[in-house]
Amino acid sequence: MDVAEQISQLEADLQELSSLLEKAERKRVKELLKQEQKKVEKELATKRQQQEQQARREAGPSAASKAAYTVKITSYAWDQSEKFVKIYLDLKEVHKISAENVEVNFTERSFSVLIKDLNGKNHQMTVLNLLHPIDDKESYKKVKTDMVLVMLKKQATKKWECLTSVEKRSKEKDKPSMDENADPSEGLMTMLKKIYDEGDDDMKRTINKAWTESQDKKKKGEDMMDI
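Residues numbered from 1 in each chain as written. Predicted model: local features only at pLDDT ≥ 70, side-chain atom pairs only at ≥ 80, totals over all residues. Heavy atoms only, no water.

Caption draft 1: Fine view of the overall build of the protein. Of regular secondary structure, the protein possesses six helices and eight strands. Ordered by position in the sequence, the α and β elements of the protein form the string α-α-α-β-β-β-β-β-β-β-β-α-α-α. Across the 227 residues in the protein, those meeting the buried criterion constitute 29%. Accessible surface for the protein amounts to roughly 15900 Å². Of this, 49% is attributable to carbon and sulfur atoms. (Helix = DSSP H or I, 4+ residues; strand = E, 2+ residues; numbered from the N terminus. Buried < 20%, exposed > 50% of the residue type's maximum accessible area, 1.4 Å probe, protein only. Areas by Shrake-Rupley, 256 points an atom, 1.4 Å probe, with all protein chains shown as cover.)

Caption draft 2: Structural view of the pattern of salt bridges. Counted by the stated rule, this structure contains four salt bridges. One salt bridge in this structure joins Glu-41 and Lys-72, with 3.7 Å as the shortest N-O distance. Of this pair, Glu-41 sits in helix H2 (residues 27-59) while Lys-72 sits in strand E1 (residues 69-72), placing them 31 residues apart in sequence. The salt bridge partner of Lys-116 is Glu-103, with a shortest N-O separation of 2.7 Å. In this pair, Lys-116 is assigned in strand E5 (residues 110-118) and Glu-103 in strand E4 (residues 102-107), connecting sequence segments 13 residues apart. By relative accessible area, Glu-103 is classed as partly exposed at 31%. (Salt bridge = Lys/Arg side-chain N within 4 Å of Asp/Glu carboxyl O.)

Caption draft 3: Seen up close, unusual backbone geometry. Its identity as a non-glycine residue notwithstanding, Asn-119 has a phi of 55 degrees, on the positive side. Locating Asn-119 in the fold gives a position in the loop between E5 and strand E6 (121-127). The exposed category is assigned to Asn-119, whose relative accessible area is 52%.

Caption draft 4: Representation of the pairing of strand E2 (residues 77-80) in the model. The pairing of E2 with strand E3 (residues 84-90) spans four bridges and is antiparallel. If you follow Gln-80 over to E3, its bridge partner there is Val-85. Counted along the chain from E2 to the antiparallel partner E3, the turn is three residues long. (Pairing = 2+ DSSP bridges.)

Caption draft 5: Broad picture of the nonpolar core. Leu-89, Phe-111, Ile-115, Val-150 and Leu-152 are the most contacted members of the largest nonpolar core, which has 25 residues in total. Listed by contribution, the elements that provide at least two residues to this core are E3, E4, E5, E6 and strand E8 (147-153). Residue contributions to this core peak at four residues, all from E5. Of all hydrophobic cores here, the second largest spans eleven residues; its members include Leu-10, Leu-14, Leu-17 and Val-40. (Core = buried A, V, L, I, M, F, W, Y, C linked by side-chain atoms within 4.5 Å.)

Caption draft 6: Expanded view of a negative patch on the surface. A cluster of acidic residues, Asp-13, Glu-16, Glu-36 and Glu-43, forms a negative patch on the protein surface. Every element with two or more residues in the negative patch is listed here: helix H1 (3-23) and H2. On the basis of relative accessible area, Glu-36 is assigned to the partly exposed category, the value being 34%. (Patch = residues over 30% accessible without salt bridge, like charges linked within 9 Å, V, L, I, M, F, W, Y side chains within 5 Å. Lys, Arg positive; Asp, Glu negative; His and termini not counted. Charge placed at Lys NZ, Arg CZ, Asp CG, Glu CD.)

Caption draft 7: Spatial organisation of the packing of aromatic side chains. Taken as a whole, this structure holds one aromatic pair when the rule is applied. Relative to Tyr-140, the ring of Phe-84 lies with its centre 5.8 Å away and its plane at 80 degrees, an arrangement referred to as edge-to-face. One end of the pair, Phe-84, is in strand E3; the other, Tyr-140, is in strand E7 (residues 140-144), with 56 residues separating them in the sequence. (Phe/Tyr/Trp six-rings, centres within 6.5 Å; stacked < 30°, edge-to-face > 60°.)

Printed below as a string of structure tokens:
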């Protein structure tokens, strides 16, 4: 199996892992899938680099001498309009390289960016599990001064709360559950208990002190009513 076929297989593996991660419910299963996803992403980046080096060698000695290594793009910003989600990638002097060196690929639930030979390095980014499906045919990129703008065309004109479904699940997990029929004080006690269990020693001392003072005030109030 040549490198191109290996890359194709790894990309298919990533798509399937992404699909499984969306369906997974148990925490341990999700963690295992995420670990495997990172492993495949790393292997895919290595294979892509091998493919690029092979292409440079075949192109001639002068191209091979410019071999670059790949770094992962981890810093970006995003916002949205009614029809698009916009991803901003700050990359110094990206506007000076050939447009062919800026590759962006889209699927319904993901996108990947590869900037080749920018200041002696390749820059790569892959985002899976987009919150909502996009129109991969109408999505596109723009290269501006020191920036690549990735335009994700929404299939539906709804507001995105976050960029990926993984981020949404993480936010919902951290959000306290609200039961309309529950006693409000019960919810407060549950929240305080969670803060106490997860807090450091100073936090626990503060909560203990507040609780003791609250109980003292409550007791004094009851004693006054008995007089």
